[in-house]
Amino acid sequence: MSLMLCRLRRRSGAGLLLGVLAASMAGVANGDTLSIDASAPTPAPRAAALRMGSAVAPNGDKLGANARYLTRNGAPWLPVMGEFHYSRTPASQWEAELRKMKAAGVDIVSSYVMWNHHEEIAGKFDWKGERDLRRFVQLAGKDGLDVVVRVGPWAHAEVRFGGVPDWVVNAMPTRSSDPQYMALVEKLYAQIGAQLKGQLWKDGGHVIGIQLENEYNIDGPGKGAAHIAALKQLALKAGMDVPYYTVTGWDGTIYPSGEVTPVFGGYPDEPWGISTAELPPKETYAFRFDTRVSGDLGAQTAAHAPGTAETDKDVTPFLGAEYGAGLPFMYRRRTVVSADDIASMLPVQLGSGLNMMGYYMFHGGRNPMGLGGTSMEESTLSGGYNDTTMISYDFQAPLGPDGQQRKVLEKLRPFHLFLHDFGSRLAPMTVRKPDAAPATPDDLKTARFAVRSEGDRGFLFVNNHVRQYPMAAQQATQFSVKLPGQRITLPGKPVDIADGAYFIWPLNLDLDGVNLVYATAQPLALLDQGKAGLVAVFAAGAGIPVELAFDASLAPQIKAGGAQVAMSEGRALVSGVQPGVGAALTVQRSGKRPLTVVVLTPEQSQQLSVADLAGQRRLILSAQQTWVGDGALQMRSAGGNKFRFAVYPPLSAQPKASAGNSGTTLRAAGNDGIFQAFEAELPVRDLKATVTQTRAAQEAAAIVIGGGAKAAMQPAPENFKAAASWRIDVPRELLRGLDDALLQIDFVGDIGRLYSGTRLLDDWYYSGYPWQFGLRQAGALLDQPLTVSVLPLRADAPIYLPKEARPNFAGQTQMATVRSVSVIPVYQLRVTP
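Residues numbered from 1 in each chain as written. Predicted model: local features only at pLDDT ≥ 70, side-chain atom pairs only at ≥ 80, totals over all residues. Heavy atoms only, no water.

S.K.: Just checking my understanding: could you explain the overall build of the protein for this structure?
M.R.: In terms of regular secondary structure, the protein is built from 12 helices and 51 strands. Its C-alpha atoms give the protein a radius of gyration of 27 Å, near enough to 28 Å, the size a compact globule of 833 residues would have. In terms of principal-axis extent, the alpha carbons of the protein reach across some 80 × 65 × 60 Å. Looking at the protein as a whole, 61% of its 833 residues are labelled buried. Long-range pairs, those at least 24 residues apart, make up 74% of the contacts in the protein with a sequence separation of at least 6. Of the roughly 29,100 Å² that the protein leaves accessible, carbon and sulfur atoms contribute 51%. On the protein, the mean spot of the 80 positive side-chain charges and the mean spot of the 77 negative ones are 3 Å from each other. (Helix = DSSP H or I, 4+ residues; strand = E, 2+ residues; numbered from the N terminus. Rg over C-alpha atoms; globule rule 2.2 N^0.38 Å. Buried < 20%, exposed > 50% of the residue type's maximum accessible area, 1.4 Å probe, protein only. Contact = heavy atoms within 4.5 Å. Areas by Shrake-Rupley, 256 points an atom, 1.4 Å probe, with all protein chains shown as cover. Lys, Arg positive; Asp, Glu negative; His and termini not counted. Charge placed at Lys NZ, Arg CZ, Asp CG, Glu CD.)

Structure follows, in structure tokens:
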């Protein structure tokens, strides 16, 4: 990722925070019509200032870009990109994890190539096992994922020296065009080029992009734009000829305009910061109408002037690469984010003009140990600005290090489904600013919304969520959107927009020739069933009645079941829609195929995925983790042995189910509305661990203030002699027949570490967020007991912890305890149509 020095400008002043709280104390905003003028013509997109590489595949497929959006075969393309570090995940798990990302709506997988993971010793490159970049790229392509390779040479990624090997850092200047350094970079790039040979877009492969360096805002002789240009030439020399070349565009990044295109990001908090208190409201939750840069993202060097991205914003598309799908825990600041903290950023970024939704990280991981058992994480001990865990790179990501699906994935996926089926319409649309907008991110009362439109069609984006701060409820609210030749006021009846709400509503949405003037529900997916018609799926918002407004001429052709159809302001208004899995309404036009509209509840929309199954694109509803692989529906459940899924269109034959190497009974469970439902139940596995304390805690040393941040530093290794320890016995045979078992350690302390003997398996900064470790990867290591050690947390520790996680020391000076250790069985079901 990209974590910032922050330049010691953290805003932790009590006066500002009190002002923010006072601004929201009223808790409501008076009823209003919120207006926005979107009537100005949408200019044609300008040509991009971008020299692309080879962009035509052998089959004729072509990638492109203009100054507004990417194109695929000439059509607008708005993809979702997610970061997944191959060298931080066992190679045996790659294929399943890539398929899970695909099922979550990811189109492009991106990954750093961390130099020190491949050339820890000078001249000895390792591309085997979990470092096999070529195999990783091949597997991604096999499952229909495009790939962006972030080749560094400096990556950051919370790796020591940003991934540059120790032997390089110790011998020469880095991050410049120093001849000795560039000679080594040329060798690295040649190795990467060999790994990617035959896998590039021009060869029929799926590698479509190369990112050079990371957060590069360094200027001076042999640096700056000239250095990025030199890196691109080395990449081309190594055979890395791809359609897109990118650089990160925030924190004053400098690059050669036209040679690369900038990508952007934003995070809901700053774990790289030095404040031990809650931060003021982040700009990530406020629509941006003048800049693409979203606050502090963690560059390790300080910019001294606006970067190239600011002057290039009219000639490059607005693309994302590092919108936080979670956050890392750093020693001095251990921020826990909710699913809504992450998902609410999407309407804001898309409504601000973003035309590629890129995440860091979408899949968590664990750092490999170096030769001799040395760790390679960023730490103050090696001169890093931040202290990070030695092994864990969990990142609170939508997919955890062991492939576990988290709530944030369920909140993000509806937006990904929307972008998959409606992104080509959204991409050409330009941003329209409301008549009244918040002047600053800490204005928690003024409504936050924007419109993107092209001609008389568009989408309305609304966000009323700000992390850790209550937003004023927008009571009795309507929106008035002026489009060319018409004004749309929606909803027909004013609604209350609660604190925490966020959504996207359509304006004049074409559904197979049927004009949906507006809907107070978010579009999710389109299912084309040929002559049987089109199914349009929407998601209702919590507490907001669903209205669907159509052109007046369609009123006689609407069959709305239990809903009401009435004329309102010259439109056929359908109200009283009850969200669920049945058809909310159908529009049957003479001589044309029918349109069926389904409106799911908020909970159902979070369970929805869309996949090709049994030769047809289908809607799948399940509370369990689902993905498709090898022609079968794969289902995974952590802790629950009961499976249920519903599918539409229905399967033509009863599917079969298996768990492990044995079959199991899959029962038809009737119909859920238009969906065909099935259920299965696997034998319950009751797994228990035996926990015995083996060492009492000693007095922990005082935490040192220092390092580049002049803030709390992680205790030195010798200070871990104060840690308490517990023996954990988990019989290996208990795991047989399961996909995995998650060891969950609930502890209170400063740092927890999990060992097999003296081998460190995982580690964790206490934050209140659940610590889990997949026992499958431990394998034979379970033949001996595991050990968890907990360094005491001092009551005077100058670190940030969420309020709900701060222990009650009750007069004690420190705390180190393991409250419980549980083993969660992970069941897997394979359903073959």
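S.K.: When you look at the layout of surface pockets in this model, what are you seeing that I'm missing?
M.R.: In this approach, a probe sized like a water molecule rolls over the atoms, and the result shows the empty space that is left. As a volume, the largest pocket reaches approximately 600 Å³. Taken together, 21 residues form the lining of the largest pocket, with Arg292, Lys313, Asp314, Thr430 and Val431 sitting closest to its centre. A class-by-class count of the residues in the lining of the largest pocket yields 8 nonpolar, 5 polar and 8 charged. (1 Å grid on protein atoms, 1.4 Å probe; cavity = no way out; pocket = protein on both sides within 12 Å on 5 of 7 lines; lining within 4 Å. Points joined across faces, edges and corners; volume = space filled by probe spheres on them. Nonpolar A, V, L, I, M, F, W, Y, C, P; charged D, E, K, R; others polar.)

S.K.: What's the story with the confidence of the model for the protein in this structure? I'm lost.
M.R.: The predicted coordinates of low-pLDDT regions are not to be read in fine detail. Model confidence for the protein is summarised by a mean pLDDT of 94, while 95% of its residues fall at 70 or above. Confidence over residues 1-26 falls short of pLDDT 50; this stretch has 84 contacts with residues more than four positions distant or in other chains. (pLDDT = per-residue confidence, 0-100.)

S.K.: Is there a simple way to explain the environment of Ile121 in this structure?
M.R.: Mapped onto the elements of the fold, Ile121 is located in the loop between helix 3 (115-118) and helix 4 (133-142). Linking Ile121 and Leu371, residues 250 residues apart in sequence, is a C-alpha distance of 8.9 Å. Non-local contacts of Ile121, meaning those with residues more than four positions away in its chain, are made with Trp167 and Leu371.

S.K.: Would you take a moment to explain the pattern of salt bridges for this structure?
M.R.: Side chains that carry opposite charge are capable of pairing whenever their charged atoms lie near each other. Enumeration according to the criterion identifies 40 salt bridges in this entry. Put simply, Glu95 and Lys142 hold a salt bridge, and the shortest N to O gap is 2.8 Å. A residue pair is termed long-range when its members are at least 10 positions apart, and Glu95 in helix 2 (residues 94-103) and Lys142 in helix 4 qualify at 47 residues. With its nearest N and O atoms 3.0 Å apart, the salt bridge here joins Arg99 to Asp143. Of this pair, Arg99 sits in helix 2 while Asp143 sits in the loop between helix 4 and strand 8 (146-150), placing them 44 residues apart in sequence. (Salt bridge = Lys/Arg side-chain N within 4 Å of Asp/Glu carboxyl O.)

S.K.: I would appreciate a short explanation of the sheet that holds strand 31 (residues 608-613) in the present structure.
M.R.: Within a sheet, neighbouring strands are paired by backbone hydrogen bonds and run either parallel or antiparallel to one another. One open sheet holds the 5 strands; their spatial order is 31-32-35-39-38, and the pairing between them is antiparallel. Strands at the two margins of the open sheet, each flanked by one partner only, are strand 31 and strand 38 (667-672). If you compare each strand with its neighbour and ignore which way they point, the axes differ by 30 degrees on average. Pairing between strand 38 and strand 39 (residues 675-681): 4 bridges, direction antiparallel. (Pairing = 2+ DSSP bridges. Axes fitted to C-alpha atoms, helices over the stretch in contact; angles between N-to-C directions.)

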